[in-house]
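What follows is the residue order along each chain.
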Amino acid sequence: MKTLKEASIGSTVKVVKLHGEGAVKRRIMDMGVTKGVDVFIRKVAPLGDPVEVTVRGYELSIRKADAEMIEVE
């Protein structure tokens, strides 16, 4: 299982599954990160938090804890 946090900079990955419960999972889905969508990893902050990605044509910053909940391939 590879997570969004482990994906390399400059790569495009596909979301396989969202882990997490309730409000946290709903917030991630409301940002446009849903199963089957392609995510481009733009850059990662020096300490690894946050991760900047492009999803559905817009830029998004995701916390490291949230990126660990997103399973990708």
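Preceding this section is the structure that the text describes.
Criteria and thresholds
Residues numbered from 1 in each chain as written. Predicted model: local features only at pLDDT ≥ 70, side-chain atom pairs only at ≥ 80, totals over all residues. Heavy atoms only, no water. Helix = DSSP H or I, 4+ residues; strand = E, 2+ residues; numbered from the N terminus. Contact = heavy atoms within 4.5 Å. Salt bridge = Lys/Arg side-chain N within 4 Å of Asp/Glu carboxyl O. Buried < 20%, exposed > 50% of the residue type's maximum accessible area, 1.4 Å probe, protein only. Polar contact = N/O pair within 3.5 Å; in protein donor to acceptor, adjacent residues only side chain to side chain.

Visitor: Just to check I follow, could you spell out the side chain of threonine 3 for this structure?
Guide: Here threonine 3 is to be found in strand β1 (residues 2-3). Apart from the residues lying within four places of it in its own chain, the contact partners of threonine 3 are Ala67, Glu68, Ile70, Glu71 and Val72.

Visitor: Just to check I follow, could you spell out the pattern of salt bridges for this structure?
Guide: Where charged atoms from two side chains of opposite charge approach closely, those side chains can pair. Scanning the entire structure with this criterion turns up 6 salt bridges. Two residues, lysine 5 and glutamate 68, come together in a salt bridge whose shortest N-O distance is 3.6 Å. One end of the pair, lysine 5, is in the loop between β1 and β2 (12-18); the other, glutamate 68, is in the loop between α2 (64-67) and β6 (70-72), with 63 residues separating them in the sequence. Residue classification places lysine 5 among the partly exposed residues on the basis of a relative accessible area of 37%. Take glutamate 68: its relative accessible area is 41%, and that puts it in the partly exposed class. For the salt bridge of arginine 27 with aspartate 66, the shortest nitrogen-to-oxygen distance reads 3.1 Å.

Visitor: Is there a simple way to explain the environment of histidine 19 in this structure?
Guide: As for its position among the elements, histidine 19 is in the loop between β2 and α1 (22-30). The partly exposed category is assigned to histidine 19, whose relative accessible area is 26%. For the pair histidine 19 and proline 50, spaced 31 residues apart in sequence, the C-alpha to C-alpha distance is 18 Å. Excluding residues that lie within four positions of it along the chain, histidine 19 makes contacts with Met1, Met69 and Glu71. A polar contact of 2.9 Å, which involves the side chain of histidine 19, links it to the side chain of glutamate 71.

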